[in-house]
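Take a look at the letters that make up each chain.
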Amino acid sequence: MNNQNDNSAGVVPAPRPSDEEDRIKALYALDILDSLPEQEFDGLTRLASRICEAPVSRINLLDSSRQWTKSAYGTKIDHSPREKSVCQYTILQDELLEVSDLRKDERFSNASYVKGAPRYRFYAGAPLVTSNGHAIGALCVLDTQTRSLTPDQRKDLKVLADEVVARLELRRKQKELEALNKQKNELMSVVSHDMRNPLMGIIGASDFLLEESEESREERRELVGIIKDSAERLLQIVTELLDSELVHFRNLRASPVECDPAQSIRQVLQLYEFSAANKKIDLALNLESNIPRLKLDDQKFTRIIANLVSNSVKFTPRGGRIEVDLEFHGSDNGKGTLEATVSDTGIGISDEDLDRLFEKHNGDGRSGTDNEHSYGLGMHIVKQLTDICGASLKVHSTVGEGTRFEIQFPAEKVG
């Protein structure tokens, strides 16, 4: 029911349902409020009007303060304060509410739409009850004549109300499935990209073991260690994939743990030693003399550095150089910043490409200097993860000279 003018509605306010808070949550979960008209709902109001032989029918949804109309037949769609509606009483009961003469019901006799235009007399409303038992509104019919519904009309109106709810919930499930499918595709593309990095380490170390026969026992142990570390990183990625909380980047949270960032970055660089060596690239690590054990999200930290180093190896020509620097700047209370920089003498990035560097380019990234394929995800992953960690990220690049990434991670000294 709607008020057609600005006069006081004169409706006796209904008490709030006992499940009001959960009812409102159920309504909002449908994501229907303030949506545009839809033919499938307009068809149901038209059918309700025809079955009940009433000139007006409406699908009304009630939030905490207003009655919002999804569909109307025989009148224009408008919205009104909840306390002016008849439907505020319909949601209080399980069965259909029928008022043969609104003038004779003290709750509604002084309503402006009863005393003035359009001078409604008859109301019948079936509550819209969700599958979890919350009445979110009503499918109602109205007439300017006093009357009653037949038993069959009452049953049919209830059936139509159930159909309204079924379509509302189906609409929500379809949107959820579309969103989940999109998130799944995004996550799979990100995870598959991250899995390639440790796989490169495994393949590179394996190639050396297969092709060379002069390695010492210690060198072989080192190669096996690289393969082991790479496999462990793959296991971490698979674990994240199976974690329901990581369905999408927006659900990721920083998880600081006590770690040795210097050791973590050494392990990352080991993954790319052979890829760099194959291109005769000098891969150097510069560590501050006494980087302490820190509390930070070590997994995301290593994923960020791995993506940056992988990117540098890919876009640095043969005979080039990549440097990774790590420093910690702390205060008296132990809190500080872990600053990591990855710089290379690669092909650089144009100003135009810098503007869209952190966008996701599924499958259409630039080819590397040895025609290595780029999936266009590395920088997108880096930006997402730095944001999650609360880290700052800066990029400096000159075409033909190289690129420098600077990242500052919030961290806390342990002990």
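Scroll up for the structure.
Not measured: the values here are computed from a predicted model.

Draft legend 1. How the structure looks around the overall build of the protein chain. Per the secondary structure count, the protein chain includes eleven helices and 13 strands. Sequence-distant contacts, at least 24 apart, represent 69% of the contacts inside the protein chain between residues at least 6 apart. Accessible area of the protein chain: about 20700 Å², with a carbon and sulfur share of 48%.

Draft legend 2. Quick look at the state of the cysteines. Taken as a whole and judged by the stated rule, the model has zero disulfides. The thiol of cysteine 87 is unpaired, and the distance to the nearest cysteine sulfur, on cysteine 140, comes to 4.1 Å.

Draft legend 3. Just the environment of glutamine 145, in detail. Within the secondary structure, glutamine 145 is located in the loop between β6 (135-143) and α5 (151-211). Remark: the alpha-carbon pair of glutamine 145 and tyrosine 120, spanning 25 residues in sequence, is separated by 7.3 Å.

Draft legend 4. Quick look at the side chain of aspartate 78. Tracing the backbone shows aspartate 78 in the loop between β2 (66-73) and β3 (80-81). Only 3.2 Å separates the side chain of aspartate 78 from the side chain of arginine 58, close enough to count as a polar contact.

Draft legend 5. Expanded view of the environment of lysine 279. Of note, lysine 279 is situated in the loop between α8 (273-278) and β8 (282-287). In this structure the C-alpha to C-alpha distance between lysine 279 and valine 313, which are 34 residues apart in sequence, comes to 8.3 Å. At 3.0 Å, the side chain of lysine 279 and the backbone oxygen of threonine 316 are in polar contact.

Draft legend 6. Structural view of helix α7 (residues 261-270). Within α7, the full set of buried residues consists of Pro261, Ala262, Ser264, Ile265, Val268 and Leu269. On an axial view of α7, the arc spanned by its buried residues comes to 160°, and they lie on one face. Residue aspartate 260 occupies the N-cap position of α7, its side-chain oxygen lying 3.2 Å from the main-chain nitrogen of alanine 262.

Draft legend 7. Fine view of the nonpolar core. Grouped together as the largest cluster of nonpolar side chains are 38 residues, with contacts concentrated most on Leu296, Phe301, Leu308, Val309, Leu338 and Phe409. For this core, the secondary structure elements donating two or more residues are α7, β9 (294-296), α9 (298-315), β10 (321-330), β11 (335-344), α11 (378-389) and β13 (402-413). Broken down by element, this core gets its largest block of residues, seven residues, from α9. What leucine 308 contacts, discounting residues up to four positions off in sequence, is Val342, Met379, Val382, Phe405 and Ile407. Within the second largest apolar cluster, 28 residues are counted, among which are Ile32, Leu33, Leu128 and Val164.

Each value, and the rule that gives it
- Residues numbered from 1 in each chain as written.
- Predicted model: local features only at pLDDT ≥ 70, side-chain atom pairs only at ≥ 80, totals over all residues.
- Heavy atoms only, no water.
- Helix = DSSP H or I, 4+ residues; strand = E, 2+ residues; numbered from the N terminus.
- Contact = heavy atoms within 4.5 Å.
- Areas by Shrake-Rupley, 256 points an atom, 1.4 Å probe, with all protein chains shown as cover.
- Disulfide = S-S within 2.5 Å.
- Polar contact = N/O pair within 3.5 Å; in protein donor to acceptor, adjacent residues only side chain to side chain.
- Buried < 20%, exposed > 50% of the residue type's maximum accessible area, 1.4 Å probe, protein only.
- Arc of directions from axis to C-beta.
- Core = buried A, V, L, I, M, F, W, Y, C linked by side-chain atoms within 4.5 Å.

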